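Spelled out, the chains give:
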Amino acid sequence: MTTQTSEQPRTGASTDHVDVAIVGAGISGIGAGRYLRKLLPHKRFTILEARGDLGGTWDLFRYPGIRSDSDLHTFGYEFKPWRDEQSIADGERILSYLRETATENGLDDTIRYHHKVIGGSWSSADARWTLQVKRTDTGELAELTADWIFSAAGYYNYDEGFTPEFTGRDRFHGTIVHPQHWPEDLDYAGKRVVVIGSGATAVTLIPAMADTAAHVTMLQRTPTYILPVPRKDPIANALKKILGDERGYAMTRRKNIAQQKLIWSLSEKYPNRMRRFIRWTNAKQLPEGYPVDQHFNPPYNPWEQRLCTVPDGDLFTAIRNGSASVVTDRIDTFTENGILLQSGRELEADIIITATGLNVQAFGNVPVTVDGRAIELPDTVAYKGLMLSGVPNLAYAIGYTNSSWTLKIGLLCEHFCRILAHMDDNGFQIAHAEVTDEAMPTRPFLDFAAGYIQRVVDQLPKQGDRMPWRTSMNYHDDVRILRKADILDHELHFDRAVAALPSASVSA
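Thresholds, definitions, all that
Residues numbered from 1 in each chain as written. Predicted model: local features only at pLDDT ≥ 70, side-chain atom pairs only at ≥ 80, totals over all residues. Heavy atoms only, no water. Pairing = 2+ DSSP bridges. Helix = DSSP H or I, 4+ residues; strand = E, 2+ residues; numbered from the N terminus. Axes fitted to C-alpha atoms, helices over the stretch in contact; angles between N-to-C directions. Contact = heavy atoms within 4.5 Å. Buried < 20%, exposed > 50% of the residue type's maximum accessible area, 1.4 Å probe, protein only. Arc of directions from axis to C-beta. Polar contact = N/O pair within 3.5 Å; in protein donor to acceptor, adjacent residues only side chain to side chain. Core = buried A, V, L, I, M, F, W, Y, C linked by side-chain atoms within 4.5 Å. pLDDT = per-residue confidence, 0-100. 1 Å grid on protein atoms, 1.4 Å probe; cavity = no way out; pocket = protein on both sides within 12 Å on 5 of 7 lines; lining within 4 Å. Points joined across faces, edges and corners; volume = space filled by probe spheres on them. Phe/Tyr/Trp six-rings, centres within 6.5 Å; stacked < 30°, edge-to-face > 60°. Lys NZ or Arg CZ within 6 Å of the ring centre and 35° of its normal.

1. Focus on the sheet that holds strand 10 (residues 192–196)
Consideration 1: Judged by pairing direction, the sheet is parallel, and its 5 strands sit side by side in the order 9-18-10-11-14 without closing on themselves. With partners counted over all chains shown, the strands left at the sheet margins are strand 9 (175–177) and strand 14 (324–328), one partner each. Each adjacent strand pair in this sheet contributes to an overall mean axis angle of 20°, direction not counted.
Consideration 2: Pairing analysis gives 4 bridges linking strand 10 to strand 18 (residues 351–354), with the strands arranged parallel. Paired with valine 195 across the strands is isoleucine 353, a residue of strand 18.
Consideration 3: Those strands touched by helix 5 (residues 200–210) are strand 10, strand 11 (215–220), strand 14 and strand 18, and its axis lies near 165° from that of strand 11.

Okay, structure coming up:
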């Protein structure tokens, strides 16, 4: 057995061992690698990436206008200032930022591309994971052992997006595209385009295509809350000029965290007032006499599902100038020339884009066993949003659903490194979280009404009704819990390897 250090090449296929195997080279995996490199430089780690490049979402999605719907001063890393003038940034800029982060922190040679984890088995006797890995470029199989797994595989299936069954789909004579698999050669110039959906992808695509297409129609079953925001944050850019990149970034980050919390809190406390405010904002952006309540007044409260942002109100601009329109109706069937709606209206189209969402899967859908016992995720409870009950030495990165994803990732990575440091200092090899109150009430891991979550909620872990089993969605609470509070509590146990100390079960 050879030892793989974080400096060794990423192309080896033989069985080797690392302290931490990070699964995924997206924004979470790169962040995890940087925190390990900075806080625990003696740790050996590798990043296993199934695809041929880093970046995750920002390398995978290639549809027109791809961008973040969170500002990059909070979606970016705390340790690396966002220097671009765009606050709501396009995908290429974000991908460049991630590549810079990897290079600046010496992570390029830790990434093993085309390495897909297809299984993992934990041995308490050896205090070690054995990962089964498949080379996606050659089909070759290999094994890797690790003291810890850090799952940064995201929350959706990279291979396939979600598309409902549409009656008559095969009748349509035009082109049907899911944004997750955007053809490089798709020519939509002068074409009639129908985008099915009203979420973040749809509201990004429509203004990006509207200037070139003959017309773009957003066909939605239910409206979504949509807020116009500045693409460039004038306060952020002013602070950067006055204070410099690092101090200006830090102050902007604090400002935007407070702003996100305020919007969320007001939505929770005063949903009707927020509903009226968003409607008023939309009405100001739309042509006089536009049926706002038909197309921009959702039947649910703000933030029961994710609120969409449109930079500089570009979606509303496209509606005002007539290059885009919104239709709220249900699909009866596809036809040869487009889509027949339940109202009897037919939308003619040359291209139909099914911006109907993602297929959510937890932890890359990798099957794992613990001492020969298969782990079923719905039987586990999330510990601090970082570990799972009954699964030793496995951490994961899941960000916020009500704020910028990466805000939480940094805190989770810090806490993970603190756990590893405690184990090193005290000679422990195993960390496992166990629920002591078997009667503790549980609820869904992600308590979110979005359809992509509700479709799989029964396949995900649970969360409890109290800390440390509650998955916090509040940044300031998490700063206290994950950064400032002691890592030790009576639900997290530390042990030594059974092989080294057969009767040991030492809690700390």
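2. Notes on the environment of glutamate 288
Consideration 1: Residue position: glutamate 288 is located in the loop between helix 8 (271–285) and helix 9 (292–295).
Consideration 2: Once the C-alpha coordinates of glutamate 288 and histidine 215 are considered, the two residues, 73 residues apart in sequence, prove to be 21 Å apart.

3. Remarks on helix 6 (residues 234–243)
Consideration 1: Where helix 6 is concerned, the buried positions are Ala236, Asn237 and Leu239. For helix 6, the angular spread of buried residues about the axis comes to 160°, placing them on one side. Looking at helix 6, the residues exposed on the side facing more than 90 degrees away from the buried face are Pro234, Lys241 and Ile242.
Consideration 2: Lining the buried residues of helix 6 we find helix 3 (72–75) and helix 7 (245–269).
Consideration 3: Taking the backbone nitrogen of isoleucine 235 as reference, a side-chain oxygen 3.0 Å away marks aspartate 233 as the first, capping residue of helix 6.
Consideration 4: A positive phi of about 95° marks glycine 244, the residue just after helix 6.

4. Describing the side chain of aspartate 19
Consideration 1: Along the chain, the position of aspartate 19 falls in strand 2 (residues 16–23).
Consideration 2: Here aspartate 19 is in contact with His42, Lys43, Arg44, Ala146, Asp147 and Trp148, once residues within four sequence places are set aside.

5. Some thoughts on the nonpolar core
Consideration 1: Residues Trp148, Phe150 and Ile419 are the most contacted members of the largest nonpolar core, which totals 129 residues.
Consideration 2: Among the elements that make up this core, the one with the highest residue count is helix 11 (residues 405–426) (11 residues).
Consideration 3: What phenylalanine 150 contacts, discounting residues up to four positions off in sequence, is Val20, Ala21, Ile22, Val23, Ala32, Ala395, Tyr396, Ala397, Cys413 and Phe416.
Consideration 4: Of all hydrophobic cores here, the second largest spans 12 residues; its members include Val327, Phe334, Ile339 and Leu341.

6. Brief notes about the confidence of the model for the protein
Consideration 1: Model confidence for the protein is summarised by a mean pLDDT of 90, while 93% of its residues fall at 70 or above.
Consideration 2: Long-range and interchain partners of residues 1–14, a stretch whose pLDDT sits below 50, account for 40 contacts in this model, where long-range means more than four residues apart.

7. A closer look at the layout of surface pockets
Consideration 1: What the second largest pocket holds in volume is close to 680 Å³.
Consideration 2: Val229, Gln259, Gln260, Ile263 and Thr309 are, among the 30 residues lining the second largest pocket, the residues nearest its centre.
Consideration 3: Residue assignment for the lining of the second largest pocket shows that the elements contributing at least two residues are strand 12 (226–229), helix 6, helix 7 and helix 8.
Consideration 4: If one sorts the elements of the lining of the second largest pocket by residue count, helix 7 sits on top with 8 residues.

8. Concerning the sheet that holds strand 16 (residues 338–341)
Whether parallel or antiparallel, the strands of a sheet pair through hydrogen bonds between backbone atoms.
Consideration 1: Spatial strand order, 15-16-17: 3 strands in an open sheet with antiparallel pairing. The open sheet has two free edges, formed respectively by strand 15 (331–334) and strand 17 (346–348), since each of these has just one partner strand. Averaged over all pairs of adjacent strands, the angle between strand axes in this sheet comes to 25°, irrespective of strand direction.
Consideration 2: Both strand 15 and strand 16 contribute to a ladder of 3 bridges, which runs antiparallel. The partner of threonine 333 across the bridge, within strand 16, is leucine 340.

9. Notes on the environment of histidine 42
Consideration 1: Relative to the elements of secondary structure, histidine 42 occurs in the loop between helix 1 (27–39) and strand 3 (45–49).
Consideration 2: For histidine 42, a relative accessible area of 52% gives the class exposed.
Consideration 3: In this structure, the C-alpha to C-alpha distance between histidine 42 and aspartate 19, residues 23 residues apart in sequence, is 9.5 Å.
Consideration 4: For histidine 42, the contacting residues outside a window of four places in its chain are Asp19 and Asp424.
Consideration 5: Within the structure, the side chain of histidine 42 is placed 3.1 Å from the side chain of aspartate 424, a separation counted as a polar contact.

10. With respect to the packing of aromatic side chains
Consideration 1: By the definition in use, this model includes 18 aromatic pairs.
Consideration 2: When the ring of tryptophan 122 is compared with that of tryptophan 129, the centres are 5.6 Å apart and the planes differ by 55°; the resulting orientation is tilted.
Consideration 3: Among the residues examined, tryptophan 122 registers a relative accessible area of 3% and is labelled buried.
Consideration 4: Centroid distance tyrosine 290 to phenylalanine 296: 6.1 Å. Interplanar angle 45°. Geometry classified as tilted.
Consideration 5: Residue classification places tyrosine 290 among the buried positions, given a relative accessible area of 19%.
Consideration 6: An aromatic cluster is present here, built from Tyr35, Tyr77, Phe79, Trp82 and Tyr97 joined pairwise through their rings.
Consideration 7: Seen from the ring of tyrosine 35, arginine 34 lies directly overhead, with NZ or CZ sitting 5.2 Å from the centre.
Consideration 8: A cation sits over an aromatic face here: arginine 34 above phenylalanine 79, 4.0 Å from the ring centre.

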